[in-house]
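Per-entry structural report
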Amino acid sequence: MRKKIVAGNWKMNKTLQEGIELAKEVNNKVKEADIKNVTVVIGTPFIHLAEINKIVDPNFIAVSAQNCATEASGAYTGEVSAAMVASTGSKYVILGHSERRSYYGENDAILVKKVERALENQLEVIFCVGEVLAEREANKHFEVVKSQLVNGLFSLPAEQFAHIVIAYEPVWAIGTGKTATSTQAEEMHNFIRKTVAEKYGQAVADNTSILYGGSCNAKNADELFSQPNVDGGLIGGASLKADDFMAIINARQNH
Ligand code: PGA
């Protein structure tokens, strides 16, 4: 059975002290609500990882980085390796986010290396895919997402692919307040699962969690999570307030 996951992506927000406060709040609320059948992940900036791993109860919350280096170690000033991320106790890393792809030039070849480093260090990868508005308007969204999957992930053997979570994030919906409709989300998630099944077989596809991201909030989460192929969410803005994030976790728990 695939996991239901609600993952927060804090992006470049929160000082260390603010992050610690938010993590404490989320941790308390998730424990209080006794959330058991949803994997709750918080994706923090690198510098928060070690401290926040000491705060959260690993039975309830997993911590994620938002990036890692292409190389294992060495003279790469300013980079943070997957081994360093894992050494903080973090279990996940978000890779291929559209902001990394578009602002930092992360292409398929770079992402393949990052995914390999992450998996070598036993991290679970939340791999983001998604089209920009012009691609959707040109009816190229399926083609774009398929190529991101094939070029970024499909060189992995099936046993490694088991450690991949896919996040479908239509770029036009990220931080814009414009959410994909649940029909648009379901249509793409179904396509992604079918594409995974063609490569790895139906059993692997059925075990792959596919998250929706892009202006997912307390109001629309319920409707999105009611779709059979939407296994959870990757949450940006709404993960920065404990109550909003908790409402989304509850929406997932209740479906
Ligand atoms: P958003 O971001 O929820 O603020 O739209 C989602 C994401 O980029 O992961």
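The residue numbering used here restarts from 1 in each chain and proceeds along that chain's sequence as written. Local features are withheld for residues below a pLDDT of 70 in this predicted model, meaning they are given only at 70 or higher, and side-chain atom pairs are given and counted only at 80 or more; totals for whole chains, interfaces and linings count all residues. Side-chain numbers here rest on the full set of heavy atoms in the structure, without hydrogens or water.

1. A short note on the overall build of the protein chain
- A count of helical and extended segments in the protein chain gives twelve helices and eight strands.
- Relative to the 2.2 N^0.38 estimate, which gives 18 Å for 255 residues, the radius of gyration of the protein chain is 17 Å and therefore close to what a compact globule would have.
- In terms of its C-alpha atoms, the protein chain occupies a principal-axis envelope of roughly 45 × 45 × 35 Å.
- Type-normalised accessible area, obtained with a 1.4 Å probe on protein chains alone, sets the label of each residue: buried when under 20%, exposed when over 50%, and partly exposed for intermediate values. Counting every position in the protein chain, which comprises 255 residues, the buried fraction comes to 53%.
- Within the protein chain, contacts between residues at least 6 apart in sequence are counted, and of these 73% link residues at least 24 apart.
- Per-residue accessibility takes into account occlusion by the displayed protein chains alone, with areas from the Shrake-Rupley method and a 1.4 Å probe. Of the accessible surface of the protein chain, which amounts to about 11300 Å², a share of 51% is contributed by carbon and sulfur atoms.
- Two residue types count as positive, namely Lys and Arg, and two as negative, namely Asp and Glu; His and chain ends fall outside the count. Charged side chains are reduced to one point each, which is NZ for Lys, CZ for Arg, CG for Asp and CD for Glu. Here the protein chain contributes 26 positively and 30 negatively charged side chains, and the mean placements of these two sets differ by 1 Å. Secondary structure is summarised from DSSP: a helix means a run of H or I of at least four residues, a strand means a run of E of at least two, and numbering begins at the N terminus for each. Radius of gyration: C-alpha atoms only; globule rule: 2.2 Å multiplied by the number of residues to the exponent 0.38. Contacts are assigned to residue pairs with any non-hydrogen atoms lying within 4.5 Å of each other.

2. As for the packing of helix H7 (residues 141–153) against helix H9 (residues 182–200)
- Put simply, H7 and H9 touch, their axes get as near as 11 Å, and they point 40 degrees apart. One finds that H7 runs oblique with respect to H9. Our pair here, H7 against H9, has a crossing hand that is right-handed. Between H7 and H9, the contacting residues are His141, Phe142, Val145, Lys146, Leu149 and Leu153 on the first element and Glu187, Met188, Phe191, Ile192, Thr195, Glu198 and Tyr200 on the second.
- Each residue gets one of three labels, nonpolar for Ala, Val, Leu, Ile, Met, Phe, Trp, Tyr, Cys and Pro, charged for Asp, Glu, Lys and Arg, and polar for the others, Gly among them. Here the residues of the contact of H7 with H9 sort into eight nonpolar, two polar and three charged. To get an axis, fit a line to the C-alpha atoms, keeping to the stretch in contact for a helix; angles then go from 0 to 180 degrees between the N-to-C directions. Our angle categories are set so that under 35 degrees counts as roughly parallel, over 145 as roughly antiparallel, 65 to 115 as roughly perpendicular, and the remainder as oblique. Each crossing gets its handedness from the near helix: less than a right angle anticlockwise from the far helix is left-handed, clockwise is right-handed.

3. Looking at the packing of aromatic side chains
- Note on ring pairs: Phe, Tyr and Trp rings are taken, using the six-membered ring of Trp, and paired if centres are within 6.5 Å. Classes follow the plane angle, with under 30 degrees stacked, over 60 edge-to-face and the rest tilted. Inspection of every chain in the model, using the stated rule, returns six aromatic pairs.
- Pairing tyrosine 103 with tyrosine 104 gives two aromatic rings, centres 6.4 Å apart and planes at 75 degrees, and the pair type is edge-to-face. Accessibility assignment for this pair places tyrosine 103 and tyrosine 104 in one class, exposed.
- An angle of 90 degrees between the planes, with centres 5.5 Å apart, marks the rings of phenylalanine 154 and tyrosine 200 as edge-to-face. Highlighted residues: phenylalanine 154 in the loop between H7 and helix H8 (158–161) and tyrosine 200 in helix H9, separated in sequence by 46 residues. The exposure classification of phenylalanine 154 matches that of tyrosine 200, with both residues buried.
- Linked through ring pairs, Phe154, Phe161 and Tyr200 together constitute an aromatic cluster.
- Here, a charge over a ring is recorded when the distance from Lys NZ or Arg CZ to the ring centre is within 6 Å and its angle to the ring normal is within 35 degrees. A cation over a ring is seen here: arginine 100 above tyrosine 104, with NZ or CZ 4.1 Å from the ring centre.
- The ring of tyrosine 200 carries the charged tip of lysine 199 above its face, separated from the ring centre by 5.7 Å.

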